[in-house]
Protein chains: 2
Amino acid sequence: MAHINEDFLKLPGAYLFSEIAQKVKAFKDEHPEADVISLGIGDVTQPLVPAVVEALHKATDELANGATFRGYGPERGYDFLRKAIVENDFQARGIKIDEDEVFVNDGAKSDTGNFQELLSKDVRIAVTDPIYPVYIDSNVMGGRTGVLSSNGHWSNVIYMPCCAENGFVPELPHSREKIDVIYLCYPNNPTGTTLSRKELQKWVHYALEHDALIFYDAAYEAYIQNDDIPHSIYEIEGAKRVAVEFHSFSKTAGFTGVRCGYTVVPKTVMAITKKGDRITLNPLWNRRQSTKFNGTSYLSQRAAEAIYTPEGKQQIRQTIDYYMENARRMREALTGIGFEIYGGTDAPYLWVRTPKGTTSWGFFDEMLHKAQVVCTPGVGFGPAGEGYVRLTAFGQHEATKQALERIKSQIAK
Amino acid sequence: MAHINEDFLKLPGAYLFSEIAQKVKAFKDEHPEADVISLGIGDVTQPLVPAVVEALHKATDELANGATFRGYGPERGYDFLRKAIVENDFQARGIKIDEDEVFVNDGAKSDTGNFQELLSKDVRIAVTDPIYPVYIDSNVMGGRTGVLSSNGHWSNVIYMPCCAENGFVPELPHSREKIDVIYLCYPNNPTGTTLSRKELQKWVHYALEHDALIFYDAAYEAYIQNDDIPHSIYEIEGAKRVAVEFHSFSKTAGFTGVRCGYTVVPKTVMAITKKGDRITLNPLWNRRQSTKFNGTSYLSQRAAEAIYTPEGKQQIRQTIDYYMENARRMREALTGIGFEIYGGTDAPYLWVRTPKGTTSWGFFDEMLHKAQVVCTPGVGFGPAGEGYVRLTAFGQHEATKQALERIKSQIAK
């Protein structure tokens, strides 16, 4: 009988958000009258903007007509979209990225999960703690992480704790530790904190000096308000030699259901064979994608193109402002009643210290049972997330307001 | 510096269809006046049917409205689609498949490529020769195939040649060979041939007896005309204990640009740990998908649902009949001028023996230069494809007719 990939069996059974969903369901079954408000899972609520809607209708009509029908698209994604990406997300910021360095995908989760396939099993990864679980889980499946210790850390992964005590700025690893790949996500999921240009420069320098790769997840860059915070790691000199960058339209334009994003693999980013030959990752990623992926829906690619039009840009900006208004109100209200709050100024996430040393799950239960508000336990993102919960600004204004009132009356002392 | 996954470097540089595209481009550059007709790559040409177009417009309008907006979908795909799949593709044929055994995806290529991840590196695979390249290439990336021999075979893969001499029916492997996974694709890409119910029974019995898995690609089942040919391997008693089945709407409903398909992983299909514990693959595949994939576009899922409505069924049947009329004309015309033809009666592909012992690529060049018709060299699908080319029935009627006339006047003697 076929042997299983036993690395899969090392993964803890439940995925964080499934566990939350089960607890919420159990509560609702017991309290059918309760009006539960979710500030938990990071899903958007506002409709697609008119420019995107128009593009989707138009693309549908194209596929309905034999003269304009399109089947399989180009392996890296359509030229029209890669051109819009290069011009707007990079050239406009003074960054030179070639169109064949951009790979359109069906969302950042797939590519952040799959990119490790290009690397050997002996590669050592470093991650911040807390962290978006996909970076680690995909490396568990890839056999690189060792065993799960009782403290919640994998034995072969290097963790860089981010907490209030260090201002949520990860420290550079000790020079004696061999590190091949560093995962960074800024603006950060889950903490909502950011890295300044100067802080990010340190990481690029570290990677250049130590021949490490940086996998940079920029899924939340559209939420940045402060000019000193880089939108792309390629704003930093030298980054094109060490960094792969992942983008998503999920949060930028409400595409969590539409599915489209992109990955940038500069032709100067390399890995090495055992013999010492340097290999360019760009064509290898293209080979991976053309073998195990067949492109994103034409409709989704036309929808993504529309967010780069003048109307599209203005409309998605309004939606982002809508969510950031939630974030502002949440920060204000929660700070006002004595909570210790991080993030939420350049990101749609707030990272909230639980009161009186309650555990993350303990506070999750309290919030659900007393205020009927769903949050995400910080410990679900890693041991350093213990004692925090994540709140998201993706709700409707009215629901968010209600949630804050309930927290004020039911939770705060 | 990070070590590369050297298994990726074993892959031959060019993907078959990229090589064809380059040759066609070179010809067109030299002969800008030439009207090249492609009967090569397996892409559809007919527009989406009205039921699908209507569903896409409707779904777009749902996402344009805050009250009906949807973000992330369920991990296995929406209930409405899995229900339609189970009822129409299985219950209607007397097969019991549970909804949680169905995983909606973005097309069969992704899942046929990715499913091998669940298995250990020491798993031995068997494939027909010729074969759809993704099955092998994804296993090369997975480190299972050994080295590429000069005869075009990988040292650690078991090949089952399919050619005119054995009626394109693969022979059961010798009992002394350890085989863990058998890839079967019927109706077959590239040969267009099929397996009868009785032949498929032999494979299920073999798998049950030898504790092997069957990865069954049913992407072309909608083209079956003959009642004796199974549409699903689960029509065979016992198959639910050994087979994973891949479906695609790409050819069924012209979704090559829309991207939707599904995979069936019965809860009775298992693999084994080194210690001997049997592990159910269904939850493991769910874990893989919820970590490294985030679902197919809501729009594509609504589009797929529409092909199961009475109007949708009738409309996609008309498109399939249109293509099969091409196949009939191609068979008739080519047979009439002395070509030896296989397939094309229950599949959109014709497998054509090259005349006078010409090689596949030799005949490809002759067709391109003399008749300006693009075909696919059979050898691109494996060594046993040498001496054949694949023609597809996915063209427009008029273009297909012209291509046949040119072949008749320029190629036939």
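Predicted model, so just to flag it, every value in this text is computed and none were measured.

Rules of the game
- Residues numbered from 1 in each chain as written.
- Chains lettered and ligands numbered in written order.
- Predicted model: local features only at pLDDT ≥ 70, side-chain atom pairs only at ≥ 80, totals over all residues.
- Heavy atoms only, no water.
- Phe/Tyr/Trp six-rings, centres within 6.5 Å; stacked < 30°, edge-to-face > 60°.
- Helix = DSSP H or I, 4+ residues; strand = E, 2+ residues; numbered from the N terminus.
- Buried < 20%, exposed > 50% of the residue type's maximum accessible area, 1.4 Å probe, protein only.
- Lys NZ or Arg CZ within 6 Å of the ring centre and 35° of its normal.
- 1 Å grid on protein atoms, 1.4 Å probe; cavity = no way out; pocket = protein on both sides within 12 Å on 5 of 7 lines; lining within 4 Å.
- Points joined across faces, edges and corners; volume = space filled by probe spheres on them.
- Nonpolar A, V, L, I, M, F, W, Y, C, P; charged D, E, K, R; others polar.
- Contact = heavy atoms within 4.5 Å.
- Buried area = accessible area lost by both parts, 1.4 Å probe.
- Salt bridge = Lys/Arg side-chain N within 4 Å of Asp/Glu carboxyl O.
- Polar contact = N/O pair within 3.5 Å; in protein donor to acceptor, adjacent residues only side chain to side chain.
- Domains from an automatic or database assignment.
- Pairing = 2+ DSSP bridges.
- Core = buried A, V, L, I, M, F, W, Y, C linked by side-chain atoms within 4.5 Å.
- Expected span 1.5 Å × (residues − 1).
- Axes fitted to C-alpha atoms, helices over the stretch in contact; angles between N-to-C directions.
- Least-squares fit on C-alpha atoms with pLDDT ≥ 70 in both.

Asker: Would you mind going over the packing of aromatic side chains with me for this structure?
Answerer: Aromatic ring pairs: the centre-centre distance and the angle between the two ring planes describe each pair. Residue and element names in this part refer to chain A. Across all of its chains, the model carries 56 aromatic pairs over all chains by this definition. Between Phe-90 and Tyr-234, the ring centres sit 6.3 Å apart and the planes meet at 55 degrees, which makes this aromatic pair tilted. Linking Phe-90 in helix α3 (residues 79-90) with Tyr-234 in the loop between β6 (213-217) and β7 (243-248), this pair joins segments that are 144 residues apart in sequence. There is no split in this pair, since Phe-90 and Tyr-234 are both buried. Ring centres 5.3 Å apart and planes at 15 degrees place the aromatic pair Trp-351 and Tyr-388 in the stacked group. Of this pair, Trp-351 sits in strand β12 (residues 349-353) while Tyr-388 sits in strand β15 (residues 388-392), and the two are 37 residues apart along the sequence. Across the pair, Tyr-388 and Trp-351 agree in class, each one buried. By way of ring pairs, the aromatic residues Phe-115, Tyr-132, Tyr-135, Tyr-183, Phe-215, Phe-246 and Trp-285 are connected into one cluster. Between the NZ or CZ atom of Arg-302 and the centre of the ring of Phe-80, over which it lies, the distance is 3.6 Å.

Asker: Honestly, empty space enclosed by the protein in this entry has me stumped. Any pointers?
Answerer: To find leftover empty space, a probe the size of one water molecule is rolled over the atoms. The full count for this structure, using the stated rule, is 7 cavities of 30 Å³ or more. Approximately 130 Å³ is the volume attributed to the largest cavity. For the lining of the largest cavity, the secondary-structure elements that each account for two or more residues are α4 (108-114) and α8 (281-292) of chain A together with α4 (108-114) and α8 (281-292) of chain B. Class assignment of the residues belonging to the lining of the largest cavity gives a composition of 2 nonpolar, 6 polar and 8 charged. Within this model, the second largest cavity holds a volume of roughly 70 Å³. Its residues assigned to classes, the lining of the second largest cavity comprises 4 nonpolar, 10 polar and 1 charged.

Asker: Looking at this structure, I do not really get the environment of Val-242 of chain A. What am I missing?
Answerer: All names here are of chain A. Within the element layout of this structure, Val-242 appears in the loop between β6 and β7. The exposure class of Val-242 is buried, given its relative accessible area of 4%. When the C-alpha positions of Val-242 and Glu-366 are compared, they lie 44 Å apart, and in sequence the two are 124 residues distant. Once residues lying within four places of it in the same chain are set aside, the contact partners of Val-242 are Val-204, Ala-207, Leu-208, Ala-212, Leu-213, Ile-214 and Val-269.

Asker: Could you clarify how one ought to interpret the interface of chain B and chain A in this entry?
Answerer: Listed as interface residues are 82 residues of chain B and, on the opposing side, 82 residues of chain A. Three residues stand out in chain B for area buried against chain A, namely Met-1, His-3 and Arg-287 of chain B, and they jointly supply 12% of the buried area on that side. The interface formed by chain B and chain A contains 2 salt bridges. Where Arg-287 of chain B meets Asp-137 of chain A, a salt bridge forms, and the shortest distance between an N and an O atom there is 3.4 Å. For the pair chain B and chain A, the interface holds 36 residue pairs in polar contact (both at pLDDT 80 or more). No other element matches the 7 residues that α8 of chain B contributes to the side of chain B that touches chain A. The class makeup of the residues in the side of chain B that touches chain A is 34 nonpolar, 29 polar and 19 charged.

Asker: Would you mind showing me how to read the domain arrangement of chain A here?
Answerer: Note on interface size: it is often stated as the accessible area lost on association of the parts. Residues and elements named next belong to chain A. Taken domain by domain, chain A comprises domain 1 (6-47 + 311-411) and domain 2 (54-309). Computed from C-alpha coordinates alone, the two centres of domain 1 and domain 2 are separated by 25 Å. Taken together, the contact between domain 1 and domain 2 spans 37 residues of the former and 49 residues of the latter. Counting each side, the surface lost to burial between domain 1 and domain 2 is near 3300 Å², with a carbon and sulfur contribution of 62%. On the surface where domain 1 and domain 2 come into contact, there are 2 salt bridges. Residue assignment for the side of domain 1 that touches domain 2 shows that the elements contributing at least two residues are α10 (310-336), β11 (341-343), β12 and β15. Here the side of domain 1 that touches domain 2 takes 8 residues from α10, the largest share from any one element. Along the lines of polarity and charge, the residues of the side of domain 1 that touches domain 2 split into 19 nonpolar, 8 polar and 10 charged.

Asker: It is not clear to me how the pairing of strand β2 (residues 102-105) of chain B should be interpreted in this structure. Could you clarify?
Answerer: In the case of a regular strand, side chains alternate between the two sheet surfaces. All names here are of chain B. Neither face of β2 is left uncovered, since the one carrying Val-102 and Val-104 and the one carrying Phe-103 and Asn-105 both have all their residues buried. As paired elements, β2 and strand β8 (residues 261-264) share 4 bridges and run antiparallel to each other. What sits directly across from Phe-103, in β8, is Thr-263.

Asker: I'm lost on the nonpolar core in this one. Help?
Answerer: Soluble globular proteins tend to pack their nonpolar side chains together in the buried interior. In this structure, Ile-182 and Phe-255 of chain A together with Ile-182 and Phe-255 of chain B are the most contacted members of the largest nonpolar core, which totals 284 residues. When neighbours within four sequence positions are excluded, Phe-255 of chain A is seen to be in contact with Leu-48, Val-52, Phe-249, Ser-250, Cys-260, Ser-300, Ala-303, Ala-304 and Ile-307 of chain A.

Asker: It is not clear to me how α3 of chain A should be interpreted in this structure. Could you clarify?
Answerer: Two residues of an α-helix separated by three or four positions point the same way, owing to the 3.6 residues in each turn. Residues and elements named next belong to chain A. For α3, built from 12 residues, the straight-helix expectation of 16 Å at 1.5 Å per residue is met to within 8% by its first-to-last C-alpha distance of 16 Å. Of the residues making up α3, those classed as buried are Phe-80, Leu-81, Arg-82, Ala-84, Ile-85, Val-86, Asp-89 and Phe-90. Those residues of α3 that are buried lie in contact with β2 (102-105), β7, β8 (261-264) and α9 (298-306).

Asker: What exactly am I supposed to notice about helix α2 (residues 50-63) of chain A here?
Answerer: For α2 of chain A, with 14 residues, the first-to-last C-alpha span of 20 Å sits near the 20 Å given by 1.5 Å per residue. Where the residues of α2 of chain A are buried, they touch α9 and α10 of chain A together with α2 (50-63) and α9 (298-306) of chain B.

Asker: Would you take a moment to explain the environment of Ile-136 of chain B for this structure?
Answerer: All names here are of chain B. Checked against the element boundaries, Ile-136 lands in helix α5 (residues 133-141). Residues Ile-136 and Thr-335 lie 199 residues apart in sequence; the distance between their C-alpha atoms is 32 Å. Discounting chain neighbours no more than four positions away, the residues touching Ile-136 are Val-127, Ile-131, Thr-145, Trp-154 and Tyr-159.

Asker: For this particular structure, what's the right way to read the sheet that holds strand β6 (residues 213-217) of chain B?
Answerer: The strands making up a sheet are joined through hydrogen bonds of the backbone, oriented either antiparallel or parallel. Residue and element names in this part refer to chain B. Pairing in this open sheet of 7 strands is mixed, and the strands run β2-β8-β7-β6-β5-β3-β4 from one edge to the other. The open sheet is flanked by β2 and β4 (158-161), the only strands paired with a single partner. Adjacent strand axes in the sheet meet at a mean angle of 20 degrees, parallel and antiparallel pairs treated alike.

Asker: What is the right way to look at the layout of surface pockets in this model?
Answerer: A volume near 1000 Å³ is recorded for the second largest pocket. Taken together, 44 residues make up the lining of the second largest pocket; nearest its centre are Tyr-72 and Glu-75 of chain A together with Tyr-15, Phe-17 and Ile-41 of chain B. Listing elements by their share of the lining of the second largest pocket, those giving two or more residues are α8 of chain A together with α1 (16-30), α4 and α7 (250-253) of chain B. Sort the elements by how many residues they give to the lining of the second largest pocket and α1 of chain B lands first, with 7 residues.

Asker: Looking at this model, I keep getting lost on the relation of the copies chain B and chain A. Mind explaining?
Answerer: Both copies of the chain are related by a screw-like operation: a rotation about an axis and a shift along it. Overlaying chain B with chain A gives an RMSD of 0.0 Å, the required rotation being 180 degrees about an axis along which the chain moves by 0.0 Å. In symmetry terms, the pair is related by a two-fold rotation axis. Measuring from the rotation axis to each C-alpha of chain B, the shortest distance belongs to His-57 of chain B, at 3.0 Å. In this assembly, 100% of the residues forming the interface of chain B have copies in chain A that are likewise at the interface, indicating an isologous arrangement.

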